[in-house]
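One letter stands for each residue in the lines below.
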Amino acid sequence: VRCQLSPPHRALQASAVLRRVSDEQKEPLASSSQQQFDSHPTNHQPEQEPQGPRPSYTGQGGQESEDYESEEQLQHRILTAALEFVPEHGWTAEAIAEGAKTLGLSAAAAGMFHSDGSELILHFVSQCNTKLSELLEQEQKLVQLGEAEKKPTDQFLRDAVQARLRMLIPYIEKWPQALSILLLPHNIPSGLNLLTSMIDDIWHYAGDQSTDFNWYTRRAVLTGIYNTTELVMMQDSSPDFEDTWRFLENRVADAMNMGSTANQVQSTGEAVVQGLMGAAVTVSSAETSRAVR
Amino acid sequence: AAAGLCPYRALLARRGGALRALCGSVRGLAAGPETHFGFQTVTEAERREKIYRVFESVAKKYDVMNDSMTLGIHRVWKDILVHKMNPSPGTLLLDVAGGTGDIAFRFINYVRSVREHQLQRKLRHHQNLSWQEIAESYQEDKSKSLGDSQVVICDINKEMLKVGKQKAQHLGYSEGLSWVLGNAEELPFDDDKFDVYTIAFGIRNVTRIDLALQEAYRVLKPGGRFLCLEFSQVSNSLLSRLYDLYSFQVIPVLGEVIAGDWKSYQYLVESIRRFPPQEEFKAMIEDAGFFKVDYQNLNSGIVAIHSGFKL
């Protein structure tokens, strides 16, 4: 009953901030980051289907509202704006507050998000994954058009992982903090989700068409390679992270050399254990260094 | 003094409902529609009058009664409210029905400690400065211990404001506070001014809650937050029975013994029962135009914090 009563009321209150999607089209920066968790088409019906108990707001004729962005899109805009303040404030509510201020909102808008900065980190990871997908897609197109050579698998993996890890470089100082927050229980499901879909993506573009146990093995192995390389990168102080890329090269070579299935299964287990051990070490050293400060 | 605040706003720009409320509030004129005062039925004009007198009479013992009725737990509730707000230095807070200043003082304390942390962190990063430079930076920062944060305490009742001002002086709060006499249904402030609007244990005493919510929406900046701390419905049935017993048998007696005023506390207990439950109040807040409206129950629903954003 309530749902039917509310729409006319909503129509009277023109939203103060949520703007027409047509305005958004003029900002190329904003629109690229829209394909996030929910993969909404930005043009039409931002939120026609009511999500949960919240009534979706329909205008007087049901037409005006279709052009307004939803709260989620506004939240994404705020988080994107907040990223530039992360090097200074870390992955915190303060960075989000600064981001909100650049959009002309009150700093109190940061109250929409969890105070530990989880959403900011997840947003960033999701953004990076999207960028990686686009990059790999473009490379694939070039190969299909015959303008580039198809890379051998080991080089492909190396390049893909390197490209993805390079996106962390502007935030590298605060990244250990982000990793430890991602390991908090309430963030593990989303974090793992993003990680596995990224690894999936890489293998997909690498041309993996396996439908047997190899599918799991390949993903576990690449996940292990990615995680360990990421941890090495945190502690790397060589120019342009050369040591990290060399480490990556070696790990990928090891993976390629795994012969029989038995070997693979054993190495998978090892890779997973290594990844977990490395994560535990990094988290504890990040925690102690934070406590010391 | 509160900066940038507009004088009394002309009502004509507002909707017809507000005009009706204005008519109702002028004493001796048209009585206005029927409403409730506790479990009695009265007109809107009478209700406002009665509530004003209730708080006029309890003002001096307000804090003492709060402590004895809730066994001091109201302090925890108010702490939780300010923690949820998580204000950063530079925030402009409007505390409506804030009479004796509880929320305002907590806000000031919180912002002060956040500011101290900020300054400490800044110093740590500048460890390569000379001694002189560090001493100079102390001078600058000392003058901004609150980081430009301000709280405006607005209440309709002169007595409550008086008690609040005395308390502030007594506890040593001097800067960052402003005291304004005003009606939540018709705030004497301009649009888009405040970062946060709070109303703690006040909104159930407002006669036209919808008007108060609309005013809250109006005076908040885009992105601003609405926070309401109020008694609400208890979900657990056993607890609910104990709570009813306590409310109706113990509280008015306490009121008589401590404040010499049975009737006012009878009103208080009844008004809690008359206030809409969590979901209904959430719907009212959404109707006023707020987004991302949510509530958090404290003590199984004895008290609830509702939050909404002006987006």
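Residues numbered from 1 in each chain as written. Chains lettered and ligands numbered in written order. Predicted model: local features only at pLDDT ≥ 70, side-chain atom pairs only at ≥ 80, totals over all residues. Heavy atoms only, no water.

Under an unreviewed UniProt entry, the name given to chain B is COQ5 protein, and the organism recorded is Phaetusa simplex. Under the Subunit (unreviewed entry) heading, UniProt states for chain B: "Component of a multi-subunit COQ enzyme complex, composed of at least COQ3, COQ4, COQ5, COQ6, COQ7 and COQ9. Interacts with PYURF; the interaction is direct, stabilizes COQ5 protein and associates PYURF with COQ enzyme complex." Under Function (unreviewed entry), UniProt gives the following word-for-word description of chain B: "Methyltransferase required for the conversion of 2-decaprenyl-6-methoxy-1,4-benzoquinol (DDMQH2) to 2-decaprenyl-3-methyl-6-methoxy-1,4-benzoquinol (DMQH2)." (UniProt positions renumbered as here; feature names shortened; annotations may be inferred.)

Chain A is annotated in an unreviewed UniProt entry as Ubiquinone biosynthesis protein of Phaetusa simplex. Looking at chain A in UniProt, the text filed under Subcellular location (unreviewed entry) is "Mitochondrion". Turning to chain A, the UniProt record has this under Pathway (unreviewed entry): "Cofactor biosynthesis; ubiquinone biosynthesis."

This part takes up the UniProt feature "domain: Ubiquinone biosynthesis protein COQ9 HTH" (unreviewed entry) in chain A. Listed under "domain: Ubiquinone biosynthesis protein COQ9 HTH" (unreviewed entry) in the UniProt record, and renumbered for this structure, are residues 71–101 of chain A. Each end of residues 71–101 of chain A is marked by a C-alpha atom, and these two atoms are 17 Å apart; helix forms 81% of the span and strand 0%. (Helix = DSSP H or I, 4+ residues; strand = E, 2+ residues; numbered from the N terminus.)

Turning our attention to the nonpolar core. All names here are of chain A. Core analysis: the largest hydrophobic core is formed by 66 residues, its most contacted members being Trp-91, Leu-120, Trp-175 and Ile-202. Looking at this core, the elements that each hand over two or more residues are helix H4 (71–82), helix H6 (93–102), helix H7 (118–144), helix H8 (153–166), helix H9 (175–182), helix H10 (188–206), helix H11 (214–234) and helix H12 (242–257). A domain-level breakdown of this core finds at least three residues from each of domain 1 (71–115) and domain 2 (118–263). Once residues lying within four places of it in the same chain are set aside, the contact partners of Leu-120 are Leu-79, Ala-82, Leu-83, Val-86, Trp-91, Thr-92, Ala-95 and Ile-96. (Core = buried A, V, L, I, M, F, W, Y, C linked by side-chain atoms within 4.5 Å. Buried < 20%, exposed > 50% of the residue type's maximum accessible area, 1.4 Å probe, protein only. Domains from an automatic or database assignment. Contact = heavy atoms within 4.5 Å.)

Residue and element names in this part refer to chain B. Counting across every chain of the model gives 23 salt bridges over all chains. Residue Arg-273 is joined to Asp-244 by a salt bridge in which the shortest nitrogen-to-oxygen separation is 2.7 Å. Separated by 29 residues along the polypeptide, Arg-273 in helix H10 (residues 262–274) and Asp-244 in helix H9 (residues 237–259) bring together distant segments of the chain. The class of Arg-273 is partly exposed, set by a relative accessible area of 22%. You can call Asp-244 partly exposed: its relative accessible area is 29%. Among the charged side chains, a salt-bridge network with shared partners connects Asp-63, Lys-78, Asp-102 and Lys-167. (Salt bridge = Lys/Arg side-chain N within 4 Å of Asp/Glu carboxyl O.)

Okay, empty space enclosed by the protein next. Residues and elements named next belong to chain B. Under the criterion given, the structure shown has three cavities of 30 Å³ or more. Its volume calculated, the largest cavity comes out at about 80 Å³. Broken down by secondary-structure element, the contributors of at least two residues to the lining of the largest cavity are helix H2 (44–58), helix H3 (62–70) and H10. Broken down by element, the residue count for the lining of the largest cavity peaks at four residues, all from H10. Here the residues of the lining of the largest cavity sort into eight nonpolar, three polar and one charged. (1 Å grid on protein atoms, 1.4 Å probe; cavity = no way out; pocket = protein on both sides within 12 Å on 5 of 7 lines; lining within 4 Å. Points joined across faces, edges and corners; volume = space filled by probe spheres on them. Nonpolar A, V, L, I, M, F, W, Y, C, P; charged D, E, K, R; others polar.)

Quick look at the packing of aromatic side chains now. All names here are of chain B. With the rule as written, the count across this model stands at 18 aromatic pairs over all chains. Seen in terms of ring centroids, Trp-77 and Phe-201 are 6.1 Å apart; in terms of plane orientation they differ by 50°. Their pairing is tilted. In this pair, Trp-77 is assigned in helix H4 (residues 73–85) and Phe-201 in the loop between strand S6 (194–200) and helix H8 (209–219), connecting sequence segments 124 residues apart. With a centroid separation of 6.0 Å and 90° between ring planes, the pair formed by Trp-77 and Phe-231 is classed as edge-to-face. Of this pair, Trp-77 sits in helix H4 while Phe-231 sits in strand S7 (residues 220–231); the two residues are 154 residues apart in sequence, bridging distant segments of the chain. Of the two residues, Trp-77 and Phe-231, both sit in the buried class. (Phe/Tyr/Trp six-rings, centres within 6.5 Å; stacked < 30°, edge-to-face > 60°.)

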